[in-house]
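Take a look at the letters that make up each chain.
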Number of protein chains: 2
Amino acid sequence: MATEYSEHIESKDKQPRTARGLKTKRKLLDAAALEFGEKGFHEASITGITQRAGTALGSFYTYFDSKDELFSALVKDMSARVKSHAAEAMTEWQNALEREKQALEAFMTFAREHKEIYRIIDEAEFVDPASYRAHYEETAKRIFERLQDGSAAGDFRGGLEEAHAWAIMGMNVFLGLRYGIWSEEKSPGEIAELAKSLLAEGIAKKG
Amino acid sequence: MATEYSEHIESKDKQPRTARGLKTKRKLLDAAALEFGEKGFHEASITGITQRAGTALGSFYTYFDSKDELFSALVKDMSARVKSHAAEAMTEWQNALEREKQALEAFMTFAREHKEIYRIIDEAEFVDPASYRAHYEETAKRIFERLQDGSAAGDFRGGLEEAHAWAIMGMNVFLGLRYGIWSEEKSPGEIAELAKSLLAEGIAKKG
DNA sequence: TTGAAACTTGAACCAACATTCAACTTAGAA
DNA sequence: TTCTAAGTTGAATGTTGGTTCAAGTTTCAA
C-alpha cells in the first residue's frame, strides 16, 4: 500500500533534501502507520517503527521532532485520505440518497483496506484531541452540506439539521467498524443498501 | 456523584474485610474514574489516583493487582451502569418508537452526568479490547431485541437485522458525544425527538 | 484486654522507552 | 575530483511511573 503523505506531514525544517532522505522518510511513515495501527500509540515504540522501516533509531529524529508529532501528522493524513477517497467515489450521482449510499460504501471499502484507520483516529481522542475533534466536525459538516443539497434538489425533506448529519456519521462509523473491520460477513454494498433504506424511509411500519 | 460498584469489580482475594477497607476501596474507585476520565489511561497515574483518594500509594495494591486490572473493572462497571440506567428509563412505553426515543434520551442524560464515560469506554479499545467489544456487542444485541419486539408489536416493519441495531447504536453514540459531552446547546429531549423522527420515517421527501 | 489479621504507608526499585549526540558515511554540486 | 551539506548510526542518557516491600498502625473477635 504505497501512500502519499501530504504537506501537513512536513515539519518546518526537517524536510528531506535528497532523494535518499525522501525515501527514508516515506519508509518511516509507512512503518509508523503499521506500528500504530497494530499496537496503538503507547504500545508502539520508535524502535519498533525504525526496525520495520529498516533504518537506525536515530534516523527517526532526522525527520520528526517527536513521537507525538508523527502521530499527529498521521491522524491528519488519515483524515484527509478518508475524505478524498469518499469524494472520488461520489463523482456521478443522480439522487442524494444514492449519493449517501455511495459515501458509506466507499468508506467501508477504504476501512477494509486500511484497518489501521480506526485505531489511529480513535486514539487521537487521547493523543491529539484537537485533530480528533476536527476530523469529526469536518466530516459532519460535509455530510450536512450534502443533506442541504439533497433538500434543495427535492430528494430529502426540509428542516434537516446538523444533528441529522451527526446521526448519519455515527451510523456510518459503527457500521464500518462492525462490518468493515471486525468481520466481513456482509459486503459494503449490502450494508450501504440497508443504511440507504433506513435513511430513506425509516423503520416504522407503514400505514 | 456517589457510585455503587458492583461485584465484577472485586478481584479474587483482594476484597476488603473491614468497613475501613471497604471505604478505602470505594475512594480509590471514585478517584480512578475521575482520573481516567480526565487524563485518559496513560496520562493517569496511580500516584494521581491515590492522591485524589487521599490514601498512600501502596494502598492501591491492597485492592488492585495492577493499573490495567482497575481500568478493566471500571470499563465493565461503566458499561453495566449505562445499561441499567437506560433500562430503568424504559419502564412504561406504548410504542416501540417512543421506547427508542426514551433510550437515547436516558443515555444522553447519563452521559452529561458522567462525562468520563466516553473516555473510559473509548480507551478500552486499546487497554482492554475484549471489554470494549463486549460492551458494543451487548448493546447492539439489546437494541436488536427491542427492534424485534417492535416488529412483533406492529410498530416497526419486518426484516430488521442486526445491522440496523448497529446503525442505531452508532447514531446514539455520536449524538451523545456531540450533544451530551461536547456541548449542551440542545437538550436530550430535542435530540431524541429528532432521532425518533429519523428512525420513524427517514429523511427522504415524501411522494 | 489482647493478639493476629487487616490495613496503611512511602521510600526504593526497576524496566521501558523517548530523546540526544558525536562519530561516521554518502550524495551531488561545482 | 573534491568538499560540504545531508543523511545515518546506535550507544548512552535521563525520566517517568508502575510495582514491591518491610515496617508501622488500626480493627475487632474472642
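Keep in mind the model is a prediction, meaning the values are calculated, not measured. (Residues numbered from 1 in each chain as written. Chains lettered and ligands numbered in written order. Predicted model: local features only at pLDDT ≥ 70, side-chain atom pairs only at ≥ 80, totals over all residues.)

Caption draft 1: Representation of helix 6 (residues 116-127) of chain B within the structure. Compared with the 16 Å implied by 1.5 Å per residue over 12 residues, the 16 Å span of helix 6 of chain B between its first and last C-alpha is a close match. Burial of helix 6 of chain B is extensive: nine of the 12 residues sit out of reach of the surface. Residues of helix 6 of chain B that are buried: Glu 116, Ile 117, Ile 120, Ile 121, Glu 123, Ala 124, Glu 125, Phe 126 and Val 127 of chain B. Tucked inside the fold, the buried residues of helix 6 of chain B contact helix 1 (19-43) and helix 6 (116-127) of chain A together with helix 1 (19-43), helix 4 (67-89), helix 5 (96-113) and helix 7 (129-152) of chain B. (Helix = DSSP H or I, 4+ residues; strand = E, 2+ residues; numbered from the N terminus. Expected span 1.5 Å × (residues − 1). Buried ≥ 20, exposed ≤ 12 C-beta atoms within 10 Å, placed from the backbone. Contact = placed C-beta atoms within 7 Å.)

Caption draft 2: Structural detail: the domain arrangement of chain A. Residue and element names in this part refer to chain A. The domain boundaries assigned to chain A delineate domain 1 (11-65) and domain 2 (69-201). If you average the C-alpha positions of domain 1 and of domain 2, the two centres end up 29 Å apart. With 10 residues of domain 1 in contact, the opposing surface of domain 2 contributes 10 residues. When its residues are assigned to classes, the side of domain 1 that touches domain 2 shows six nonpolar, three polar and one charged. (Domains from an automatic or database assignment. Nonpolar A, V, L, I, M, F, W, Y, C, P; charged D, E, K, R; others polar.)

Caption draft 3: Structural context of the protein's contact with DNA strand C. Not every one of the 23 residues close to DNA strand C is listed here, only the nearest: Gly 58 of chain A together with Gly 21, Thr 24, Ala 56 and Gly 58 of chain B. Contributing elements (two or more residues each) for the surface near DNA strand C: helix 1 and helix 2 (46-53) of chain A together with helix 1 of chain B. Among the residues making up the surface near DNA strand C, the classes are represented as seven nonpolar, 12 polar and four charged. (Near = placed C-beta within 6 Å.)

Caption draft 4: Structural view of the environment of Ile 203 of chain A. Locating Ile 203 of chain A in the fold gives a position in the segment after helix 9 (188-201). Distance from Ile 203 of chain A to Ala 96 of chain A, taken between C-alpha atoms, is 19 Å for residues 107 residues apart in sequence. In this structure, Ile 203 of chain A is in contact with Leu 198 of chain A together with Phe 156, Arg 157, Leu 160, His 164 and Leu 199 of chain B, ignoring residues within four places of it in sequence.

Caption draft 5: Examining the interface of chain A and chain B more closely. With 37 residues of chain A in contact, the opposing surface of chain B contributes 36 residues. The leading source of residues in the side of chain A that touches chain B is helix 8 (residues 162-182) of chain A, at 12 residues.

Caption draft 6: Examining the protein's contact with DNA strand D more closely. Among the 23 residues in the neighbourhood of DNA strand D, the closest are listed as Gly 21, Ala 56 and Gly 58 of chain A together with Gly 58 and Ser 66 of chain B. Counting residues per element, the ones that place at least two in the surface near DNA strand D are helix 1 of chain A together with helix 1 and helix 2 (46-53) of chain B. The dominant element in the surface near DNA strand D, judged by the number of residues it contributes, is helix 1 of chain A, at three residues. Grouping the constituent residues of the surface near DNA strand D by class yields seven nonpolar, 12 polar and four charged.

Caption draft 7: Here's a closer look at the packing of helix 7 of chain B against helix 8 (residues 162-182) of chain B. All names here are of chain B. Interaxial distance between helix 7 and helix 8 falls to 8 Å at its minimum, and their mutual angle equals 115°. As the angle between them shows, helix 7 and helix 8 are arranged roughly perpendicular. Where helix 7 crosses over helix 8, the two elements pack in a sense that is right-handed. Residues Tyr 136, Thr 139, Ala 140, Ile 143, Phe 144 and Leu 147 of helix 7 form the contact with helix 8, whose own contacting residues are Glu 162, His 164, Ala 165, Trp 166, Ile 168 and Met 169. In terms of residue class, the contact of helix 7 with helix 8 is built from nine nonpolar, two polar and one charged. (Axes fitted to C-alpha atoms, helices over the stretch in contact; angles between N-to-C directions. Parallel < 35°, antiparallel > 145°, perpendicular 65-115°, else oblique. Left-handed = near helix turned anticlockwise from the far one by under 90°.)

Caption draft 8: Local environment of the relation of the copies chain A and chain B. Structural alignment of chain A on chain B gives an RMSD of 0.1 Å, achieved by rotating through 180° and translating 0.1 Å along the axis. When the rotation and shift are considered jointly, the pair of chain copies conforms to a two-fold rotation axis. A shared binding surface is used by both copies, with 97% of the interface residues of chain A retained as interface residues in chain B. (Least-squares fit on C-alpha atoms with pLDDT ≥ 70 in both.)

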